[in-house]
Amino acid sequence: MLRLGRYMSLLVLVAAAIFCAGRINVYFRLTDAKGLLVSCVTMVVALVGWVVWVSRGPRKTLRRNADDRLRLARICPVCGYNMRATPDRCSECGYEVTQ
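A quick note: this is a predicted structure, and the numbers were derived from the prediction, not measured. (Residues numbered from 1 in each chain as written. Predicted model: local features only at pLDDT ≥ 70, side-chain atom pairs only at ≥ 80, totals over all residues. Heavy atoms only, no water.)

1. Points about the overall build of the protein chain
No. 1: A count of helical and extended segments in the protein chain gives two helices and zero strands.
No. 2: In the protein chain, which comprises 99 residues, the share counted as buried stands at 12%.
No. 3: Considering only residue pairs separated by 6 or more positions, the protein chain has 35% of its internal contacts joining residues 24 or more positions apart.
No. 4: Put simply, the protein chain shows about 8,100 Å² of open surface, and 63% of that area lies on carbon and sulfur atoms. (Helix = DSSP H or I, 4+ residues; strand = E, 2+ residues; numbered from the N terminus. Buried < 20%, exposed > 50% of the residue type's maximum accessible area, 1.4 Å probe, protein only. Contact = heavy atoms within 4.5 Å. Areas by Shrake-Rupley, 256 points an atom, 1.4 Å probe, with all protein chains shown as cover.)

Have a look at this one:
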């Protein structure tokens, strides 16, 4: 689930995109269709960037949780061998546990 902070970041991002699009339109004296196109492109780029930024957080968390589960269950992350008998080193593939 997303936190309120990420929604606030979206609000700030949209406001910044609208401000930038307005500045671009004023600077280049764009009106009508060209100004609308610049505004739309700016918003799309901003929203794609936000989606990529938001989607990185859950992936890192899920990967970290999976690694923690493997370590706690004493399963080798390389080959999946049960490392309860030799907790410091995997006897199957030779992977050494670093702590």
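So that's the structure; there's more coming.
2. Some remarks on the side chain of Thr42
No. 1: Mapped onto the secondary structure, Thr42 falls in helix 2 (residues 32-72).
No. 2: For Thr42, a relative accessible area of 18% gives the class buried.
No. 3: In this structure Thr42 touches Ala17 and Ala21, once residues within four positions along its chain are discounted.

3. Observations concerning a nonpolar patch on the surface
No. 1: A surface patch of nonpolar side chains, about 350 Å² in accessible area, is lined by Ile24, Tyr27 and Phe28.
No. 2: The residue Tyr27 is located in helix 1 (residues 4-27) in this model.
No. 3: Residue classification places Tyr27 among the exposed positions, given a relative accessible area of 62%. (Patch = residues over 30% accessible without salt bridge, like charges linked within 9 Å, V, L, I, M, F, W, Y side chains within 5 Å. Salt bridge = Lys/Arg side-chain N within 4 Å of Asp/Glu carboxyl O.)

4. Quick word on the pattern of salt bridges
No. 1: Tallied over the entire structure, the rule returns one salt bridge.
No. 2: In this structure, Arg89 and Glu96 form a salt bridge, with 2.7 Å as the shortest nitrogen-oxygen distance.
No. 3: Among the residues examined, Arg89 registers a relative accessible area of 44% and is labelled partly exposed.

5. Focus: unusual backbone geometry
No. 1: The residue Arg74 is not glycine, and still its phi comes out positive at about 55°.
No. 2: As for its position among the elements, Arg74 is in the segment after helix 2.
No. 3: Overall, the relative accessible area of 45% leaves Arg74 in the partly exposed class.

6. Let's talk about the environment of Ala15
No. 1: By the element assignment, Ala15 lies in helix 1.
No. 2: As a C-alpha pair, Ala15 and Met43 span 28 residues in sequence and 9.6 Å in three-dimensional space.

7. Quick notes on the environment of Glu92
No. 1: Looking at where Glu92 falls in the secondary structure, it is placed in the segment after helix 2.
No. 2: Judged by relative accessible area, which is 55%, Glu92 ranks as exposed.
No. 3: As for Glu92 and Cys76, which are separated by 16 residues in sequence, their C-alpha atoms are 9.0 Å apart.
No. 4: If we skip the residues at most four places from it in the chain, Glu92 touches Cys79 and Tyr81.

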